[in-house]
Amino acid sequence: MRPAFRRAQPPLPAPRSLAPLALAVLALGVLLLSPSAALAAEDSRDLFTRLREDYGLVGGAVGAFAGGLLTCLTPCVYPMIAITVSVFGAKQASSRKQAVLLSLSFVMGIAVLFTTLLVGAALTGNLFGAALQKWWVNVGIAIVMGAMAASMFGAFELTLPEGLMQRLSSVGGVGYGGAFVLGLVSSLIAAPCTGPVLTGVILWIGKTQSVLLGALVGFCYALGLGLPFFLVGAFAVGLPKGGKWMVSVKSFFGTVLLVCALYFLRYAIPAMTKVARHDTIFMVAGGAAILFGILLGAVHLDWSDGGLGVKIRKALGITAATAGGFILWISIELPPEMPHVVATAEAAAGKQLLTWEHSEKEAMERAQREKRPLMVDFTADWCGACKEFTKHTFSDPRVMEKAGNFVAVKVDATNDEDPAVEQVKGKYKVVGLPTVVIYDSTGKERQRFTEFVPADKFLKALEGID
């Protein structure tokens, strides 16, 4: 039996009900991301960060699942659902139990592929981190993401060669093993829509270098992608008719990809980070620009909806939403600045606060000369956990006061091809980032952190070190 996967039919006219839904989702996102809007007056961390730090990997799992489900609603995946379910035999199953098991086997095939892919991205994270040290690599990633965004907006179609599509569609068949194999290859057939989404996820996992996070995100993404297949195959659930709403989903992904492109471009152009600061004004401004862009037509309008006016509205909407998303992302990621009045009050009270030097040699000599403990923080532009340290740990007022007696130095290891950087890393036996090494006043190493730790745990580690 040779199943014939057909391309998506031209979208049917659809009501413009997606815009209010998108506005609600974006408004909720702004509330979750903004510390002030989330009523976190006593906790400067945004809600997503608190979920990740206080509740483990819940936030990552939920986000990955939602991303997989949204991917399933795109034009190159959604039309495949009914015909694929027929191919692996769920509709012809002799019992509900068999239909459930066949559908589950298909979804597990999807899960194995994506879980393996993202675990591989985590295991090769060091190679990815080294590559990100090259400005031209970041420019290349930004260009690729921009091209994929253009594809999501309909500029051109990303498709696999017809011959390969036919070969892949002939794999599998009736039976649990066939359903499992079909799940594996269906993920490849859906690559034109899963690829752009997964590119950003793979880059993120490569930066974190976390195998556990890679496995969880890959598995949850696959579950979201496979859920409609499972529901149709196991319970014969009817799906809404395809239509223009699927194009709106692609426009949403296209906008997200443009934001990611700007994010990677900033590694090549560091001045781009100066467009925002970590404060409520910039967060609200970024969120407002996103909402304005969606109202203008970034998501719910299609290029073919009308004449020049519609095209201009959509283009301006995409521009506003992309700029707002980038500003919001940067303002959340940047460490909070200590208000000048607070710093002045601390100084007036005779408190010495944590300050950073940038010459390892001078810091070491000063610590030895003044008989003070030494803190060495190895960081890099591409190191996400290093930024977490800066934003949530080193900027905590309690840590700044507790570590005020330390001679602290930041070593920028972004360019590890620099012989001077390699020499300092070798001196402190640094094999990966982040790395924070703490010495007491006698020069004895007392603590070493090779992963992000929150302020409370870091404070405990400083106890008794002088």
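Residues numbered from 1 in each chain as written. Predicted model: local features only at pLDDT ≥ 70, side-chain atom pairs only at ≥ 80, totals over all residues. Heavy atoms only, no water.

You'll find the protein chain entered in an unreviewed UniProt entry as DUF255 domain-containing protein, with Polyangium fumosum given as the organism. According to the UniProt record, the Subcellular location (unreviewed entry) comment for the protein chain reads "Cell membrane". (UniProt positions renumbered as here; feature names shortened; annotations may be inferred.)

Chemist: For this particular structure, what's the right way to read the pattern of salt bridges?
Modeler: Between side chains of opposite charge, pairing is possible as soon as their charged atoms come close. Tallying each qualifying case throughout the model produces 12 salt bridges. Its salt-bridge partner being aspartate 279, residue arginine 277 comes within 3.4 Å of it at the nearest N-O pair. For arginine 277, a relative accessible area of 41% translates into the label partly exposed. A residue is classified by how much of its surface remains accessible, and aspartate 279, at 22% relative accessible area, is partly exposed. Between glutamate 370 and arginine 366 there is a salt bridge, with the nearest N and O atoms lying 3.4 Å from each other. (Salt bridge = Lys/Arg side-chain N within 4 Å of Asp/Glu carboxyl O. Buried < 20%, exposed > 50% of the residue type's maximum accessible area, 1.4 Å probe, protein only.)

Chemist: Just checking my understanding: could you explain the UniProt feature "transmembrane region" (unreviewed entry) in the protein chain for this structure?
Modeler: Per the UniProt annotation, the sites labelled "transmembrane region" (unreviewed entry) are residues 64-88, 100-123, 135-158, 179-205, 211-239, 251-269, 281-303 and 315-332. Helix makes up 95% of residues 251-269 and strand 0%, with an end-to-end C-alpha separation of 26 Å. Along residues 281-303, the helical share is 70% and the strand share 0%, with 33 Å between the first and last C-alpha atoms. (Helix = DSSP H or I, 4+ residues; strand = E, 2+ residues; numbered from the N terminus.)

Chemist: Looking at this structure, I do not really get the confidence of the model for the protein chain. What am I missing?
Modeler: Detailed reading of the predicted coordinates is not advisable wherever pLDDT is low. Scored by pLDDT, the protein chain has a mean of 77; 73% of the residues are at 70 or more. Scored below 50 in pLDDT, residues 1-56 shows 79 contacts in the model against residues more than four places distant or in partner chains. Across residues 339-348 the pLDDT falls below 50, and counting only partners more than four positions away or on other chains, this stretch makes 3 contacts in the model. (pLDDT = per-residue confidence, 0-100. Contact = heavy atoms within 4.5 Å.)

Chemist: Please clarify how the pairing of strand β2 (residues 374-379) should be interpreted in this entry.
Modeler: On a regular strand, one side chain projects to one face of the sheet and the next to the other, so that they alternate. Across the 6 residues of β2, 6 count as buried, placing the element largely inside the fold. Burial of the side chains of β2 extends over both faces: Leu374, Val376 and Phe378 are buried on one face and Met375, Asp377 and Thr379 on the other. Relative to strand β3 (residues 407-412), β2 runs parallel, the two sharing 6 bridges. Opposite aspartate 377, over in β3, you have lysine 410 as the bridge partner. Of the pairings in the sheet, the one linking β2 to strand β4 (residues 435-439) comprises 5 bridges and is antiparallel in character. Residue phenylalanine 378 lies in a different strand from β4, and its bridge partner there is threonine 435. (Pairing = 2+ DSSP bridges.)

Chemist: How should I be thinking about the packing of helix α7 (residues 135-152) against helix α12 (residues 244-268) in this particular structure?
Modeler: How two helices pack is summed up by the angle between their axes together with the distance between the axes. Axis separation between α7 and α12 bottoms out at 8 Å; the angle between their running directions is 165°. In terms of their interaxial angle, α7 and α12 are classed as roughly antiparallel. α7 and α12 meet at a crossing whose hand is left-handed. Facing Trp135, Asn138, Val139, Ile141, Ala142, Met145, Gly146, Met148, Ala149, Ser151 and Met152 of α7, the residues of α12 in contact are Lys250, Ser251, Phe253, Gly254, Leu257, Leu258, Cys260, Ala261, Phe264, Leu265, Tyr267 and Ala268. Per-class residue counts for the contact of α7 with α12 are 17 nonpolar, 5 polar and 1 charged. (Axes fitted to C-alpha atoms, helices over the stretch in contact; angles between N-to-C directions. Parallel < 35°, antiparallel > 145°, perpendicular 65-115°, else oblique. Left-handed = near helix turned anticlockwise from the far one by under 90°. Nonpolar A, V, L, I, M, F, W, Y, C, P; charged D, E, K, R; others polar.)

Chemist: Could you clarify how one ought to interpret the nonpolar core in this entry?
Modeler: Nonpolar side chains in soluble globular proteins generally cluster together in the buried interior. In this structure, Ile81, Phe106, Phe114, Ile205, Val217 and Leu225 are the most contacted members of the largest nonpolar core, which totals 33 residues. Residue assignment for this core shows that the elements contributing at least two residues are α3 (58-72), α4 (80-87), α5 (96-123), α9 (176-189), α10 (191-208) and α11 (211-235). Among the elements that make up this core, the one with the highest residue count is α11 (10 residues). Grouped together as the second largest cluster of nonpolar side chains are 21 residues, Ala363, Val411, Val424 and Val430 included. (Core = buried A, V, L, I, M, F, W, Y, C linked by side-chain atoms within 4.5 Å.)

Chemist: In this structure, what is going on with the sheet that holds β2? I would like to understand it.
Modeler: Whether parallel or antiparallel, the strands of a sheet pair through hydrogen bonds between backbone atoms. Spatially, the 5 strands line up as an open sheet ordered β1-β3-β2-β4-β5, and their pairing is mixed. The sheet is open, and its two borders are formed by β1 (356-357) and β5 (445-449), each paired with just one other strand. Lying on the sheet, helix α16 (residues 360-370) is in contact with β1, β2 and β3; it crosses β3 at an angle near 165°.

Chemist: Honestly, the pairing of β5 in this entry has me stumped. Any pointers?
Modeler: Across 4 bridges, the pairing between β4 and β5 is antiparallel. Pairing of tyrosine 439 across the sheet is with glutamate 445, part of β5.

Chemist: Teacher, can you tell me more about a nonpolar patch on the surface here?
Modeler: A cluster of nonpolar side chains, Leu101, Leu104 and Tyr176, forms an exposed patch at the surface whose accessible area comes to about 250 Å². Structurally, leucine 104 can be placed in helix α5. (Patch = residues over 30% accessible without salt bridge, like charges linked within 9 Å, V, L, I, M, F, W, Y side chains within 5 Å. Areas by Shrake-Rupley, 256 points an atom, 1.4 Å probe, with all protein chains shown as cover.)

Chemist: Mind showing me how you'd approach α7 here?
Modeler: For an α-helix, the turn length of 3.6 residues means that residues three or four places apart are oriented alike. If you check α7, its first and last C-alpha atoms are 26 Å apart, about what 18 residues at 1.5 Å a residue would give, namely 26 Å. Glycine 154 sits one or two positions beyond α7 and adopts a positive phi of about 95°. (Expected span 1.5 Å × (residues − 1).)

Chemist: What is the right way to look at the packing of aromatic side chains in this model?
Modeler: Two numbers describe a pair of aromatic rings. These are the distance of the centres and the angle of the planes. Taken as a whole, this structure holds 14 aromatic pairs when the rule is applied. Ring geometry for tyrosine 263 against phenylalanine 264: centres 5.9 Å apart, planes inclined by 90°, an arrangement best described as edge-to-face. This pair shows no difference in class: tyrosine 263 is buried, exactly as phenylalanine 264 is. Consider the rings of tyrosine 263 and tryptophan 329, whose centres lie 4.1 Å apart with planes at 10°: the pair is stacked. Taken together, the residues span a long stretch of sequence, with tyrosine 263 in helix α12 and tryptophan 329 in helix α14 (residues 308-333) at a distance of 66 residues. The exposure class of tryptophan 329 is partly exposed, given its relative accessible area of 33%. Each member of the aromatic cluster is reached from another via a ring pair, and the members are Trp356, Phe389, Phe394, Phe449, Phe452 and Phe458. Sitting over the ring of tyrosine 263, arginine 266 keeps its end group 4.4 Å from the ring centre. A cation over an aromatic ring shows up here: lysine 410 above the ring of tryptophan 356, its NZ or CZ 4.2 Å from the ring centre. (Phe/Tyr/Trp six-rings, centres within 6.5 Å; stacked < 30°, edge-to-face > 60°. Lys NZ or Arg CZ within 6 Å of the ring centre and 35° of its normal.)

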